[in-house]
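Single-letter residue listing:
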Protein chains: 2
Amino acid sequence: MNASEFRRRGKEMVDYMADYLEGIEGRQVFPDVCPGYLRSLIPTTAPQEPETFEAIIEDVEKIIMPGAASPACTELETVMMDWLGKMLQLPEAFLAGEAGEGGGVIQGTASEATLVALLAARTKVTRHLQAASPELTQAAIMEKLVAYASDQAHSSVEKAGLIGGVRLKAIPSDGKFAMRASALQEALERDKAAGLIPFFVVATLGTTSCCSFDNLLEVGPICHEEGLWLHVDAAYAGSAFICPEFRHLLNGVEFADSFNFNPHKWLLVNFDCSAMWVKKRTDLTGAFRLDPVYLRHSHQDSGLITDYRHWQLPLGRRFRSLKMWFVFRMYGVKGLQAYIRKHVQLAHAFEALVRQDARFEICAEVTLGLVCFRLKGSNKLNEALLESINSAKKIHLVPCSLRDRFVLRFAICSRTVELAHVQLAWEHIREMAAAVLRAQGEEKAEIKN
Amino acid sequence: MNASEFRRRGKEMVDYMADYLEGIEGRQVFPDVCPGYLRSLIPTTAPQEPETFEAIIEDVEKIIMPGAASPACTELETVMMDWLGKMLQLPEAFLAGEAGEGGGVIQGTASEATLVALLAARTKVTRHLQAASPELTQAAIMEKLVAYASDQAHSSVEKAGLIGGVRLKAIPSDGKFAMRASALQEALERDKAAGLIPFFVVATLGTTSCCSFDNLLEVGPICHEEGLWLHVDAAYAGSAFICPEFRHLLNGVEFADSFNFNPHKWLLVNFDCSAMWVKKRTDLTGAFRLDPVYLRHSHQDSGLITDYRHWQLPLGRRFRSLKMWFVFRMYGVKGLQAYIRKHVQLAHAFEALVRQDARFEICAEVTLGLVCFRLKGSNKLNEALLESINSAKKIHLVPCSLRDRFVLRFAICSRTVELAHVQLAWEHIREMAAAVLRAQGEEKAEIKN
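Residues numbered from 1 in each chain as written. Chains lettered and ligands numbered in written order. Predicted model: local features only at pLDDT ≥ 70, side-chain atom pairs only at ≥ 80, totals over all residues. Heavy atoms only, no water.

**Student:** What should I look at first to understand the packing of helix α13 (residues 379-392) of chain B against helix α14 (residues 419-448) of chain B in this one?
**Tutor:** Packed helix pairs are characterised by how far apart their axes lie and by the angle those axes make with each other. Residues and elements named next belong to chain B. Contact geometry of α13 with α14 gives a least axis separation of 9 Å together with a crossing angle of 130 degrees. The angle between the axes of α13 and α14 places the two elements in the oblique class. Two packed elements cross with a definite hand, and for α13 against α14 that hand is right-handed. Contact with α13, carried on its side by K380, L381, A384, L385, S388, I389 and A392, involves H428, I429, M432, A433, V436, L437, Q440 and E443 of α14 and no other residues of that element. Of the residues contributing to the contact of α13 with α14, the split by class is 10 nonpolar, three polar and two charged. (Axes fitted to C-alpha atoms, helices over the stretch in contact; angles between N-to-C directions. Helix = DSSP H or I, 4+ residues; strand = E, 2+ residues; numbered from the N terminus. Parallel < 35°, antiparallel > 145°, perpendicular 65-115°, else oblique. Left-handed = near helix turned anticlockwise from the far one by under 90°. Contact = heavy atoms within 4.5 Å. Nonpolar A, V, L, I, M, F, W, Y, C, P; charged D, E, K, R; others polar.)

Okay, here's the thing in structure tokens:
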């Protein structure tokens, strides 16, 4: 949608809201629809081609408004998470469908998804061990529980461990910054021999630092054999899996118990919208279920409906699936794929520019929209380069540390980015680099003199 | 703002956004402002009288846009939480000010605030005990930790205990559904004698069931003497404390370590916006602090800025303080006070109507906007009444259970509610009650025959 259509549609929406407020006394306080009403009114998959804004607004009036905030809010979320799961070709077990045991939920952030998965896993292993040995206290078990993630995993995994009160061990990643079978297996054996209880593994697809991918096809079978909960965090990279040519990066997800990525990062849905799926939703609801009278409702034991409050940390919820519905329909799957592909192509274009300049090096394989690069030379030199780039405020780069090397990260992430922007950015970086190298040369010359 | 002004202002905002998008390439990618720039540009307290929409939008352009998303998002939040804290006459220690040790943060929901407080308290007591006895493991300590809340506390407190892996004990409330000193003291003595470690107390001001108030002036000093973290949850009632005549309900908050209420419940700020304050912000940041390279910034050790990511569960944040800024300025403190007072008056008006009808009884003291009532008679009768009211869909009531009595709750909570609505609702309830009583009479007569 360009700015001029945005003006027109935005103003129509303002009128829609004002009309709603002016006519609110004529509306019923509680909807007439029955639980499950929505699924049959909506296609089972996202459209391939873009639809018009009018078509979507018509459906809002016809499908959403009769279901008010509830149950429409819950039911659209379940169906949108199925749409998105199918776009990713997630295994059937993760979908809610009509009678599935799995399903998806919108969390606020990947941090919360990781924490929810860890807590569900903690509850599951605790109950399992207590069933076999009823004399074991929760604390006695928690003392021995160990969670694992690659040394490249996001800090939110460590935070989840802190909050959950369990120890987290970092598995050394390989030369491509990936967690591999051997390193994980070694840690598991060592910990089991020491009397500890491994219970939870986070595999990252697309790490924050350099967009590396843990080897799911190696790690998954180990988790399966050892009975460990496998959570797959693809916060950034997950959006790319809607393209068939990137879907192989998700292979092995069939071994996972939970999977998460952020459509708010790279799928044009506004913050916040973190998509999480589980294979067995009773694992989540079992960990959090509490039912005071003021939250009871007539359908709660029917099995017909989903109580998302048992899937998450907060009680209250927003109607975030509307954002997904609008975006998926306005772009169509093809439009979203084209968007991802364009970003990846631009990243490769930037990579090619860097490789043409012998003063620079590429520091990690470029798979999606992130390019890790640096000047050949010291960390100090690269810190100076970053400082000069970010001080100029024409572009903004966020660095990372890869095996103690200070690395610059060029991330393609704007909705409106074009090749010309990438070229301009590269010219700018080269200018800044030249100045930094010149200054370094002068400094060296001074020392020599 | 009425619907016609909403139409005009809403459309102006749509144009503002479209202009922003169209002109985005002319903007700098990183702001020029220095940390702390915002506080001096904004008054130190909320205005008493309403301001115009134009004045606020002018300030958005002048004060917010130059600070972009960051640091404006963080700094406006700190100042708004100070404004709100002053509106409530919170003790100085809870305010951030220029150099305070406390401060406020916007959480998503009261559930998250309770959990964050519990986790901070858990970390604090664990470190304290480990400092004295370094051989103690975290698990050995957690096994003995006990949190307390009234038997009327919200289910989110129990959920926080589940997530935090500590036991939570319910303190029997008194005849007015309040937690009192004697019952708390008894539980503490019993648990300490059993070798357990009390560490955390949640006092509720305005319970969900019947809006009862724990006795903070009794509970506070006990927590203080025993070195327990006191968290005060005033999720619903907190908004009322901006009125001097209700402020006494908050007396005793000076003993608390953390305090929380939801402006999204009753202060005209849209969901979500849960306001939480702590006296020592290092208690929060100490529990959650993790600093990977990609989240580092040049000011992080300066003490000048607030990293809210260490105050909460998620990493990402939205710019929710804008909602507060707009609402506080458009209503002014006096407008917000008038809004609260009107709701309380309407609740008393409903209470008076109920008291005039001898078939009904009031079930708990009416302090703010909630009236708990029921037909004199069995739970079954009242369940039938609720069922008939909610099936008619003219009004909607959520029930509760008070000492095993099924109770109906009439909550004044709409922005546009007037006395006429309350009167209509009462007439409707009387009609439904008459039908239910008639049916019961007929049933009894049938049994007799």
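Alright, that's what it looks like, and here's the rest.
**Student:** Honestly, α14 of chain B in this entry has me stumped. Any pointers?
**Tutor:** One turn of the α-helix equals 3.6 residues, which is why residues spaced by three or four share an orientation. Residues and elements named next belong to chain B. In a regular helix each residue adds 1.5 Å, so 30 residues correspond to 44 Å; α14 covers 43 Å between its end C-alpha atoms and thus fits that length. Looking only at α14, the buried set comprises V422, A425, W426, H428, I429, M432, A433 and V436. Residues of α14 that are buried in the fold lie against α12 (321-355), β8 (360-362), β9 (370-375), α13 and β11 (405-411). (Expected span 1.5 Å × (residues − 1). Buried < 20%, exposed > 50% of the residue type's maximum accessible area, 1.4 Å probe, protein only.)

**Student:** I keep staring at the interface of chain A and chain B and nothing clicks. Help me out?
**Tutor:** One frequent convention defines the size of an interface as the accessible area lost when the parts assemble. Contacts between the two partners involve 66 residues from chain A and, on the opposite side, 66 residues from chain B. Together chain A and chain B conceal approximately 5800 Å² of surface at their shared face, both sides included; 64% is due to carbon and sulfur atoms. At the boundary of chain A with chain B, the tally comes to 12 salt bridges. For the salt bridge of D19 of chain B with R7 of chain A, the shortest nitrogen-to-oxygen distance reads 2.8 Å. Our enumeration of links across chain A and chain B arrives at 28 residue pairs in polar contact (both at pLDDT 80 or more). If you list the elements that add at least two residues to the side of chain A that touches chain B, you get α1 (3-22), α4 (110-132), α5 (138-142), α6 (155-164), α11 (281-288) and β10 (398-402) of chain A. The element contributing the most residues to the side of chain A that touches chain B is α1 of chain A, with 12 residues. Here the side of chain A that touches chain B is composed, by residue class, of 31 nonpolar, 16 polar and 19 charged. (Buried area = accessible area lost by both parts, 1.4 Å probe. Salt bridge = Lys/Arg side-chain N within 4 Å of Asp/Glu carboxyl O. Polar contact = N/O pair within 3.5 Å; in protein donor to acceptor, adjacent residues only side chain to side chain.)

**Student:** Quick question: what am I supposed to make of the pairing of β11 of chain B here?
**Tutor:** For a regular strand, side-chain orientation follows a simple rule: the groups alternate between the two sheet faces. All names here are of chain B. Among the seven residues that make up β11, five are buried, leaving the element largely enclosed by the rest of the structure. As paired elements, β9 and β11 share four bridges and run antiparallel to each other. Considered in β11, the bridge of V371 is made with F410. Across five bridges, strand β10 (residues 398-402) lies against β11 in antiparallel orientation. Pairing of C400 across the sheet is with V407, part of β11. A loop of two residues connects β10 with β11, the two strands running antiparallel in sequence, and R403 in this loop sits at a positive phi of about 50 degrees. (Pairing = 2+ DSSP bridges.)

**Student:** Please explain a nonpolar patch on the surface as it appears in this structure.
**Tutor:** Residue and element names in this part refer to chain A. A cluster of nonpolar side chains, Y20, L21 and I24, forms an exposed patch at the surface whose accessible area comes to about 230 Å². Structurally, Y20 is set in helix α1. The exposure class of Y20 is partly exposed, given its relative accessible area of 32%. (Patch = residues over 30% accessible without salt bridge, like charges linked within 9 Å, V, L, I, M, F, W, Y side chains within 5 Å. Areas by Shrake-Rupley, 256 points an atom, 1.4 Å probe, with all protein chains shown as cover.)

**Student:** Quick question: what am I supposed to make of the relation of the copies chain A and chain B here?
**Tutor:** Relating one copy of the chain to the other requires a rotation about an axis plus a shift along that axis. For the match of chain A to chain B, the screw axis carries a shift of 0.0 Å, the RMSD comes to 0.0 Å, and the turn is 180 degrees. Taken together, the rotation and translation describe the operation of a two-fold axis. By residue overlap, the copies meet face to face through one surface: 100% of the interface positions of chain A are interface positions in chain B. (Least-squares fit on C-alpha atoms with pLDDT ≥ 70 in both.)

**Student:** Even after reading the chapter, I still don't get the pattern of salt bridges, so can you show me in this structure?
**Tutor:** Here the structure, examined in full by the defined rule, presents 70 salt bridges over all chains. The shortest N-O distance in the salt bridge between D357 of chain A and R430 of chain A comes to 3.1 Å. Placement of D357 of chain A in the loop between α12 (321-355) and β8 (360-362) and of R430 of chain A in helix α14 (residues 419-448) is noted, with a sequence separation of 73 residues between them. When its relative accessible area of 32% is taken as the criterion, R430 of chain A is described as partly exposed. When the shortest N-O distance is used, the salt bridge between R374 of chain B and E361 of chain B registers 3.2 Å. Of this pair, R374 of chain B sits in strand β9 while E361 of chain B sits in strand β8, placing them 13 residues apart in sequence. Of the residues examined, R374 of chain B reaches a relative accessible area of 3% and is grouped as buried. Among the ionic contacts, a cluster of salt bridges with common partners joins D272, R318 and R320 of chain A together with D272, R318 and R320 of chain B.

**Student:** Even after reading the chapter, I still don't get the packing of aromatic side chains, so can you show me in this structure?
**Tutor:** Remark: the centre distance and the inter-plane angle together describe each pair of aromatic rings, the angle taken between the planes. All names here are of chain A. The tally for this structure, following the rule as stated, stands at 24 aromatic pairs over all chains. On the basis of an interplanar angle of 40 degrees and a centroid distance of 6.1 Å, the ring pair of F360 and F373 is categorised as tilted. Here F360, found in strand β8, pairs with F373, found in strand β9 (residues 370-375); they are 13 residues apart in sequence, far enough to count as distant. Each member of the pair, F360 as well as F373, is classed as buried. (Phe/Tyr/Trp six-rings, centres within 6.5 Å; stacked < 30°, edge-to-face > 60°.)

**Student:** What am I meant to see in the packing of α12 of chain B against α14 of chain B here?
**Tutor:** Residues and elements named next belong to chain B. Look at α12 against α14: their axes get within 10 Å of each other, and the N-to-C directions meet at 30 degrees. When the axes of α12 and α14 are compared, the pair comes out roughly parallel. Handedness of the α12/α14 crossing: right-handed. When α12 is examined against α14, the residues L346, A349, F350, L353 and V354 are found in contact with a partner set consisting of L419, V422, W426 and I429. Across the contact of α12 with α14, the residue classes break down as nine nonpolar, no polar and no charged.

**Student:** Please clarify how the side chain of T306 of chain B should be interpreted in this entry.
**Tutor:** Residues and elements named next belong to chain B. In this fold, T306 is placed in the loop between α11 (281-288) and α12. By relative accessible area, T306 is classed as buried at 17%. Leave out the neighbours within four places in its chain, and T306 touches T74, T78 and W311.

**Student:** In this structure, what is going on with the sheet that holds β9 of chain B? I would like to understand it.
**Tutor:** Neighbouring strands of a sheet are bound in pairs by backbone hydrogen bonds; such pairs are parallel or else antiparallel. Residues and elements named next belong to chain B. Strands sit in the order β8-β9-β11-β10 across an open sheet of four strands; the sheet is antiparallel. Edge strands, defined here as strands with exactly one partner in the open sheet, are β8 and β10. Sheet twist, expressed as the average angle between the axes of neighbouring strands with direction ignored, equals 40 degrees. Contacts between α12 and the sheet are confined to β8, β9 and β11, with β9 contributing the most and set at about 15 degrees to the helix. Contacting β8, β9 and β11, α14 runs over the sheet at an angle of about 20 degrees to β9.

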